[in-house]
Amino acid sequence: SESSSYSDDSDLADFIDDDDKYKTSKIQSTIRKMFNYDPRKYRDIDMQDDRNMESNAHEILREERFSSYVGRKEDEEEYRKIMREEQRRKKN
């Protein structure tokens, strides 16, 4: 009957992991200790305050050029690594 199916659910209660919240807080606490992070230090900071986040077109273009420069340098270094590895393989 229908009532017996509900009673069967109580048998499953032993399989429910109720301590997820405890595990999460324990993990969070451990990470905070590792990095010496104290959230109380940041409680007065308004995370939505973006008054200092404004930039003009010149600043954006300058940042884009710099990012492009850094990207090219990284690509060149990666290419040199690949070429050295290929030369090393040819020698062996």
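Criteria and cut-off values
- Within each chain, residues carry numbers counting from 1 in the order of the written sequence.
- pLDDT decides what is reported in this predicted model: residues at 70 or higher carry local features, side-chain atom pairs at 80 or more are listed and counted, and totals for whole chains, interfaces and linings draw on all residues regardless.
- With hydrogens and water stripped out, all remaining heavy atoms of the structure feed into the side-chain values.
- Each helix corresponds to a stretch of at least 4 residues labelled H or I by DSSP, and each strand to a stretch of at least 2 residues labelled E; elements are numbered beginning at the N terminus.
- Accessible area is worked out with a 1.4 Å probe on protein chains only. A residue is then buried under 20% of its type maximum, exposed over 50%, and partly exposed in between.
- Residue burial considers only the protein chains on display, and all accessible areas are found by Shrake-Rupley using a 1.4 Å probe.
- Exposure above 30% relative accessible area and the lack of any salt bridge qualify a residue for a patch; like charges then connect within 9 Å, and the nonpolar side chains Val, Leu, Ile, Met, Phe, Trp and Tyr within 5 Å.
- Salt bridges, as used here, are contacts in which a Lys or Arg side-chain nitrogen is within 4 Å of a carboxyl oxygen on Asp or Glu.
- Every helix has an expected span of 1.5 Å times one less than the residues it contains.
- Nitrogen and oxygen atoms within 3.5 Å of one another constitute a polar contact, given that in protein one can donate a hydrogen and the other can accept it, and given that sequence-neighbouring residues count only through two side-chain atoms.

K.L.:
Is there a simple way to think about the overall build of the chain in this case?
P.N.:
Broken down by element type, the chain carries three helices and zero strands. The order of α-helices and β-strands along the chain, N terminus first, is α-α-α. Burial analysis of the chain (92 residues in total) assigns 0% to the buried set. Of the roughly 9600 Å² of accessible surface on the chain, 51% is carried by carbon and sulfur atoms.

K.L.:
Just checking my understanding: could you explain a nonpolar patch on the surface for this structure?
P.N.:
On the surface, Ile27, Ile31, Met34, Phe35, Tyr37, Tyr42 and Ile45 cluster together into a nonpolar patch covering about 760 Å² of accessible area. Following the sequence through the fold, Ile27 ends up in helix α2 (residues 20-34).

K.L.:
Sorry, what's going on with helix α3 (residues 57-91) here?
P.N.:
At 3.6 residues per turn, the α-helix brings residues three or four places apart onto the same side. Counted at 1.5 Å a residue, the expected span for α3 with its 35 residues is 51 Å, and the 51 Å between its end C-alpha atoms agrees. You can read the cap of α3 off the contacts: a side-chain oxygen lies 3.1 Å from the backbone nitrogen of His58, and it is on Asn56.

K.L.:
What's the story with unusual backbone geometry in this structure? I'm lost.
P.N.:
Trans is the common state for peptide bonds, and a negative phi is the common state for residues other than glycine. Although it is not a glycine, Asn36 sits at a positive phi angle of roughly 55°. Inspection of the secondary structure puts Asn36 in the loop between α2 and α3. A relative accessible area of 72% places Asn36 in the exposed class.

K.L.:
Is there a simple way to explain the pattern of salt bridges in this structure?
P.N.:
It is possible for side chains bearing opposite charge to pair when their charged atoms get close. One pass over the full model with this rule turns up six salt bridges. Residues Glu77 and Arg80 are paired through a salt bridge, measuring 3.0 Å at the closest nitrogen-oxygen approach. One end of the pair, Glu77, and the other, Arg80, are both in helix α3, three residues apart, so they sit about a helical turn from each other. According to the relative accessible area criterion, Glu77 is partly exposed, its value standing at 29%. In this structure Arg80 comes out as partly exposed when scored by relative accessible area, which is 40%.

Bear in mind that shape data such as this cannot, by itself, settle questions of function.
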